[in-house]
Structures are given as C-alpha cells and as structure tokens.
Amino acid sequence: MDNPIAFDSSRSLAALEDEDWTFSVDEYDAPSHAAALATKPVGKLNPGELLQLLQWKVSPRFTIPAAIARLMSDPFQKAALHEGDLMVAVLESDTAYWRDNYDLWCVMVDLLAQAITTVSARVEAEEAGDYLPHFLGDDFMAAVMHFRDIHG
C-alpha cells in the first residue's frame with residue numbers, strides 16, 4: 001500500500017491549514033493543553049495524540065491520513081485505552097470525509113481486511129472457537145458497520 005500522506009508531514013497543523021485557521025479549545029471541546037498539538041509536526045504526532053485529534057475532529061484532511069500511515073505498520077496498535085483504538089477512531093471519522101476521499105476509504109478497506117485476517121489467525125491460535133466480535137470488542141464492530149455503509 002502506498003503512503004496515504006499527500007502533504008508535508010514535517011509541518012504542523014497550524015502551518016498546513018488555511019491562514020485564518022486557529023486551534024480553538026472551545027471550538028473543538030478540547031482541554032487547554034491540546035493547542036500545543038496544533039504546532040507539532042504532523043509526522044511527529046504519536047498514536048495517542050492522533051487519537052485525541054481525531055476524537056476532537058481536528059483537521060481531518062491531515063489527521064486521518066497521518067493515522068492511516070501509522071496503522072499501516074500495525075492496524076491494532078494501542079493509542080490510549082485498548083488495542084485497535086486508533087483504527088476505531090479512523091473508522092468512525094466523519095462520513096462526509098470518507099465520501100469525499102474515496103481513495104483513502106479504499107486504503108482503509110484494504111487495511112481493515114488485513115486486520116481482520118490477522119485477528120482471525122490470532123483467534124484460531126489463541127482462543128480456538130471464540131467469537132470474533134467478542135475478541136475485538138463492540139466498539140470495533142460498530143465502527144466497521146459504520147464504515148462499510150459509507151460507500152456500500
């Protein structure tokens with residue numbers, strides 16, 4: 001899969017966004033310390049920071065591709081609370097974004113297929129016969145259902 005980042009990830013969200021854009025903690029319902037994330041180079045944002053930005057719906061045209069790039073190395077990486085939470089946040093991103101970015105949606109479909117294959121193998125090896133949604137959790141399955149209906 002090709003790298004989904006089609007922008008200079010050494011620049012911050014504040015530098016990438018339009019001139020009149022500012023990170024407002026009130027607008028994004030974020031804590032005051034979150035404004036510092038807007039000045040950090042996007043390529044240096046760790047999975048936990050990307051997760052927070054996605055949850056606050058900050059600059060999806062930059063944060064979603066950056067998160068997808070992270071997921072390419074490990075679809076189920078733990079960003080905060082549990083394995084796969086970054087993928088769930090990406091899958092649950094705004095439907096309008098995915099409708100406007102069909103190519104990235106296709107990349108996520110491929111990543112999702114890869115992730116499900118990996119999990120299926122893990123379930124077979126570790127928990128023979130356990131029900132797959134139980135292994136992943138309800139939030140993952142709900143995110144998959146939301147995501148598949150976007151271009152379905």
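For the structure, see preceding data.
This is a predicted model, so every value here is computed, not measured.

1. Considering the overall build of the chain
Next up, step 1: Broken down by element type, the chain carries eight helices and zero strands.
Next up, step 2: The linear arrangement of helices and strands in the chain, starting from the amino end, is α-α-α-α-α-α-α-α.
Next up, step 3: The buried share of the chain, taken over its 152 residues, is 43%.
Next up, step 4: Expressed as a percentage of contacts within the chain between residues at least 6 apart in sequence, the contacts between residues at least 24 apart total 64%.
Next up, step 5: Total accessible area on the chain is roughly 8,200 Å²; 49% of this is exposed by carbon and sulfur atoms.

2. Regarding the nonpolar core
Next up, step 1: Ranked by internal contacts, the top residues of the largest apolar core, which has 47 residues, are Phe23, Ile68, Val90, Leu91, Trp98 and Met108.
Next up, step 2: Those elements giving two or more residues to this core turn out to be helix H1 (13–16), helix H2 (47–55), helix H3 (60–71), helix H4 (85–91), helix H5 (95–100), helix H6 (102–127) and helix H8 (138–148).
Next up, step 3: Sorting elements by how many residues they give to this core places H6 first, with eight residues.
Next up, step 4: In this structure Met108 touches Ile68, Leu71, Met87, Val90, Leu91, Trp98 and Phe147, once residues within four positions along its chain are discounted.

3. Here's the deal with the side chain of Ser93
Next up, step 1: Looking at the element boundaries, Ser93 is found in the loop between H4 and H5.
Next up, step 2: By relative accessible area, Ser93 is classed as buried at 8%.

4. Thoughts on the pattern of salt bridges
Next up, step 1: Under the criterion given, the structure shown has three salt bridges.
Next up, step 2: Close ionic contact of Arg61 with Glu17 constitutes a salt bridge, the shortest N to O distance being 2.9 Å. Of this pair, Arg61 sits in helix H3 while Glu17 is found in the loop between H1 and H2, placing the two residues 44 residues apart along the sequence.
Next up, step 3: Of the residues examined, Arg61 reaches a relative accessible area of 41% and is grouped as partly exposed.
Next up, step 4: Its relative accessible area of 12% is what places Glu17 among the buried residues.
Next up, step 5: Two residues, Arg61 and Asp18, come together in a salt bridge whose shortest N-O distance is 3.7 Å. One end of the pair, Arg61, is in helix H3; the other, Asp18, is in the loop between H1 and H2, with 43 residues separating them in the sequence.
Next up, step 6: Given a relative accessible area of 47%, Asp18 falls into the partly exposed group.
Next up, step 7: Several salt bridges share partner residues, and in doing so they unite Glu17, Asp18 and Arg61 into one network.

5. Focus on the packing of H2 against H3
Next up, step 1: Contact geometry of H2 with H3 gives a least axis separation of 10 Å together with a crossing angle of 145°. Two packed elements cross with a definite hand, and for H2 against H3 that hand is left-handed. Contact residues: H2 offers Pro47, Leu50, Leu53 and Leu54, while H3 offers Thr63, Ile64, Ala66, Ala67 and Arg70.
Next up, step 2: Broken down by class, the residue content of the contact of H2 with H3 amounts to seven nonpolar, one polar and one charged.

6. Topic: H2
Next up, step 1: With seven of nine residues buried, H2 is to be regarded as a mostly interior element.
Next up, step 2: Along H2, the residues that are buried comprise Pro47, Gly48, Glu49, Leu50, Leu51, Leu53 and Leu54.
Next up, step 3: Where H2 begins, one side-chain oxygen reaches toward the backbone nitrogen of Gly48, 2.9 Å away; that side chain belongs to Asn46.
Next up, step 4: Of the residues trailing H2, Lys57 is marked for its positive phi of about 65°.

So, how was this worked out
Residues numbered from 1 in each chain as written. Predicted model: local features only at pLDDT ≥ 70, side-chain atom pairs only at ≥ 80, totals over all residues. Heavy atoms only, no water. Helix = DSSP H or I, 4+ residues; strand = E, 2+ residues; numbered from the N terminus. Buried < 20%, exposed > 50% of the residue type's maximum accessible area, 1.4 Å probe, protein only. Contact = heavy atoms within 4.5 Å. Areas by Shrake-Rupley, 256 points an atom, 1.4 Å probe, with all protein chains shown as cover. Core = buried A, V, L, I, M, F, W, Y, C linked by side-chain atoms within 4.5 Å. Salt bridge = Lys/Arg side-chain N within 4 Å of Asp/Glu carboxyl O. Axes fitted to C-alpha atoms, helices over the stretch in contact; angles between N-to-C directions. Left-handed = near helix turned anticlockwise from the far one by under 90°. Nonpolar A, V, L, I, M, F, W, Y, C, P; charged D, E, K, R; others polar. Polar contact = N/O pair within 3.5 Å; in protein donor to acceptor, adjacent residues only side chain to side chain.

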